[in-house]
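# Fold and geometry: a report
Each chain, letter by letter, is given below.
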Amino acid sequence: MLTDAIAEPLTAPRPTTADHFAFPTDYRLLITAYYPPMRQILVTSALPYANGHIHLGHLVEYIQTDIWVRFQRLMGNRVAYMCADDTHGTAIMIRARQEGRSEEAVIADMQAAHTRDFAGFAVEFDHYGSTHSAANRELCGLFWKGLRAAGLVTKREVTQLYDPKAGTFLADRFVKGTCPKCRSPEQYGDSCDKCGSTYAPTDLIDPVSTLSGATPELKVADHLFITTEQMRPFLNEWTQTGDHLHPDVSKWLAAAFLSEPLRDWDVSRPAPYFGFEIPDAPGHYWYVWFDAPIEYVAATAEWCAAHGESFDKWWRSDATEVHHFLGKDITYFHTLFWPVMLKAAGFSLPRMVHIHGFLTVNGEKMSKTKGTFVRAATYLKHLNPAYLRYYYASKLTPKLDDIDMNLDEFVNKVNSDLVGKVVNLASRSARFVEATGLAAKYPDDGGLFASAAAAAGEIAAAYDACDYNRAMRGVMALADQANKYVEERAPWNLRKDPARSAEVQDVCTVALNLFRQLVVYLAPVLPSLARQTRELLNCPIARWDESQTPLIGTKVNRFEHLMKRVEEAQVKAMIDESREEAPPSAAGPTTSATTGAGTAPAGGPVSDASVSAAADGPEPLAAEPLAPTITFDEFAKVDLRVARVVAAEQVPKAKKLLRLTLSLGGDERRNVFAGIKEAYTPEQLVGRLVICAANLAPRTMTFGVSEGMVVASGPGGAEVFLLSPDNGAKPGQRVH
Ligand SMILES: [Zn+2]
């Protein structure tokens, strides 16, 4: 199914171009020089997990990718857009057991729902596969052989939590307990929502299986690992040079992963597990995260087989650029493990990995109880998908920043930009030329069409760089100029005078040409508007360079309403329905849809109403009232620095103290005695980042000299909570 607009048969003959219309073409040459005449591009979006429905958070990515794919096609490039359902893992196995049916039945239902939702938002894949397919099994075997041959697979014992009641090992998300770092209750086995620290599920205090409520037991099993450390030189080069990643991502990988030995990646799970059994390790299954990205290749293989395409040309040749789109929560899978797998197995490396941030709604995490956790299907019951495609486009940049969907802004932007500026051009002019058609000669428009045509290169460059925000601003600036022209000429007044009918035709010819030009520029975002415009004006809207030549002398079909205003009541109805859909028990890993193998929800973490500031009591502040006000200069005297704990040890005879060696980067070390012995073990501290008061006068204590202080909160004893910076901070950085 090549849904290429170019491949679509044209119902109307291509309009004649104006011979007399002298028009500068130098920027067209510029576009051609900048973009090679025809690129062959393989595009993927991350695979939605088969355990939940598509919601507005997921749609950021699929709409972002679909816009890019449509843009590339409009430019004349050849694109294949691949995606699939991610189906394996414990979550599906457990759900199938609970529902008393096969895993295959569960994933088939979900795949049908996902496919419907994507179609509803005009997200058009060339092939939509499933990780539970023969093609994927075969390719997993191929990747595995490559990894084995490269000497990258090792085996070792792993102690994992096991649910004796459910008879299964527990994935991290199926264990809950108290965070070992900050002592917050009800945290998952891999990371803490409260303090953000990551840990092993075996570190949780009082762990409970969320499957059965049983207390998990520790059980030993063999696991197979991929050792990425051997590939460090390759990863250093691939992640740090060659423009495969946004510079912020390169920097983050360098600081968070490449600065220390790369940990081996556990890629097998013992039976029972819903997945593929490893051929040379019976009783062991590939971990869901191993087979998920391989499905990008497997989906392509299925598509190639169905369309007589050369698989090698798409995945084993420099002729094809591979572009992955994904959310920031699954960055390291796609930028560390995945390149290693591709390289070991002899497949093309990605030309670029495009990473987006999470969606927030009205400045907060999507919330089921607030009704802002909106499913794709619920949105479609109330609102036009074009609104969301445009709104997201207006927000998306190449950066990793989260994007906020402010519902008031959503209503205003759609109404003022799409309805007020774009569609309005056609609705105020098309009817007046239904009888006459467009003028035979393009009228003098004061250079408007030419200047909007000249913007084509800049808008195209913004799309290509995934800077849709910039592209949309460019288009709306052109729309403003066009509207000014129509308002000044006021064809609705001119037409009252029969003597001025030629003038009416000229003004409407200009207005509709400026409208059509905008629609070409917006076609990647608004395919439905492009289709309607094609029907109205009998023009193809299939190539970017249609923006360069005006339409003349063609028939104008009967004007049908193109797009309605959004009413606030529609948005409210959608939010109300979403709130009703969410029973209080709906939170948790079995109901939140995830992109990419059941890790954190890709569209943005889900907030829980029980976690709110209102639950925080007044006692801590009362126990230690605020200190007297100080000036900024007084504050600036304290030099707080990010430091890494490079060594930690018990101090014999000291009741409260641990001795820490802190690194401020380079050779700068500090010896610090910290009163945190009852709250932390030395093992918990080594390697982590802390905040250190670095310019305190050294203090001689019974046990030695302390050269600073680590910053912590809490009343003392076991109730001490160290402060850490967010990911990306580096030892030696000052805290301002
Ligand atoms: Zn915590």
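Here goes a summary of the coordinates provided. Values in this document were obtained by computation on a predicted structure and should not be read as measured data.

### Some details on the packing of aromatic side chains
Under the counting rule described, the total for this entry stands at 33 aromatic pairs. Centroid distance W144 to W286: 5.8 Å. Interplanar angle 70°. Geometry classified as edge-to-face. Of this pair, W144 sits in helix α5 (residues 134-149) while W286 sits in strand β12 (residues 284-286), and the two are 142 residues apart along the sequence. Seen in terms of ring centroids, F333 and F337 are 5.8 Å apart; in terms of plane orientation they differ by 65°. Their pairing is edge-to-face. You can see F333 and its partner F337 sitting in helix α10 (residues 331-345), four residues apart, about one turn around the helix. An identical accessibility class is assigned to F333 and F337; each is buried.

### Some words on the packing of helix α13 (residues 407-427) against helix α18 (residues 501-522)
Helix packing for two helices is described by the angle between their axes and how far apart those axes are. Direction vectors running N to C along α13 and α18 enclose 140°, while the axes themselves pass 8 Å from each other. By the angle between their directions, the pair α13 and α18 is classed as oblique. Viewed along their axes, α13 and α18 form a crossing whose handedness is left-handed. In this structure, α13 uses V422, V423, L425 and A426 to contact α18, whose residues at the interface are A511, L512, F515, L518 and L522. Looking at the contact of α13 with α18, its residues break down into nine nonpolar, no polar and no charged.

### As for the sheet that holds strand β7 (residues 187-188)
The antiparallel open sheet is built from three strands, whose spatial order is β7-β6-β8. A single partner strand is all that each edge strand has here, and the edge strands are β7 and β8 (205-209). Across three bridges, the pairing between strand β6 (residues 175-178) and β8 is antiparallel. Residue K176 lies in a different strand from β8, and its bridge partner there is V208.

### Re the sheet that holds strand β13 (residues 320-327)
Taken in spatial order, the five strands make up an open sheet running β3-β2-β1-β13-β14, and their pairing is parallel. Among the strands making up the open sheet, the edge pair consists of β3 (127-130) and β14 (352-356). For this sheet, the mean angle separating the axes of adjacent strands, direction not counted, is 20°. Across four bridges, strand β2 (residues 78-85) lies against β3 in parallel orientation.

### Quick look at the coordination of the zinc ion
Every protein donor of the zinc ion is listed here as C179 (SG), C182 (SG), C192 (SG) and C195 (SG), and their distances to the metal cover 2.2 to 2.3 Å. Classification of the site at the zinc ion rests on its four donor atoms, whose angles at the metal span 107 to 113°, yielding the label tetrahedral. Mapped onto the sequence, the donors of the zinc ion take the spacing C-x2-C-x9-C-x2-C. C179 gets classed as buried once you look at its relative accessible area, which sits at 0%. For C182, a relative accessible area of 19% corresponds to the buried category.

### Describing the side chain of E295
When you line up the elements, E295 lands in helix α8 (residues 288-307). Summary of buried charges: E295 has no salt-bridge partner, and the nearest side chain of opposite charge, R137, is 11 Å away. Apart from the residues within four sequence positions on either side, E295 is in contact with L47, A84, G129, S130, T131, S133 and N136.

### Notes on the side chain of T239
Residue placement: T239 occurs in helix α6 (residues 232-240). Taking relative accessible area as the criterion, T239 reaches 2% and is therefore assigned buried. Among the polar contacts listed, one links the side chain of T239 to the backbone oxygen of L235, at a separation of 2.7 Å. Once residues within four sequence positions are removed from consideration, T239 is found in contact with L245, S250, L253, L258, T335 and L336.

### Quick look at α8
With 20 residues, α8 should reach 28 Å at 1.5 Å per residue; the first-to-last C-alpha distance of 28 Å fits that figure. Its maximal kink placed at E295, α8 deviates by approximately 40°. Two residues or fewer past α8, G308 is found with a positive phi of approximately 65°.

Cut-offs applied
Residues numbered from 1 in each chain as written. Predicted model: local features only at pLDDT ≥ 70, side-chain atom pairs only at ≥ 80, totals over all residues. Heavy atoms only, no water. Phe/Tyr/Trp six-rings, centres within 6.5 Å; stacked < 30°, edge-to-face > 60°. Helix = DSSP H or I, 4+ residues; strand = E, 2+ residues; numbered from the N terminus. Buried < 20%, exposed > 50% of the residue type's maximum accessible area, 1.4 Å probe, protein only. Axes fitted to C-alpha atoms, helices over the stretch in contact; angles between N-to-C directions. Parallel < 35°, antiparallel > 145°, perpendicular 65-115°, else oblique. Left-handed = near helix turned anticlockwise from the far one by under 90°. Contact = heavy atoms within 4.5 Å. Nonpolar A, V, L, I, M, F, W, Y, C, P; charged D, E, K, R; others polar. Pairing = 2+ DSSP bridges. Donors = N, O, S within 2.8 Å, 3.2 Å for Na, K, Ca; no water. Tetrahedral: all angles 85-135°; square planar, octahedral: opposite > 155°, others 65-115°. Lys, Arg positive; Asp, Glu negative; His and termini not counted. Salt bridge = Lys/Arg side-chain N within 4 Å of Asp/Glu carboxyl O. Polar contact = N/O pair within 3.5 Å; in protein donor to acceptor, adjacent residues only side chain to side chain. Expected span 1.5 Å × (residues − 1). Bend = angle between axes of the 7 residues up to and from the residue.

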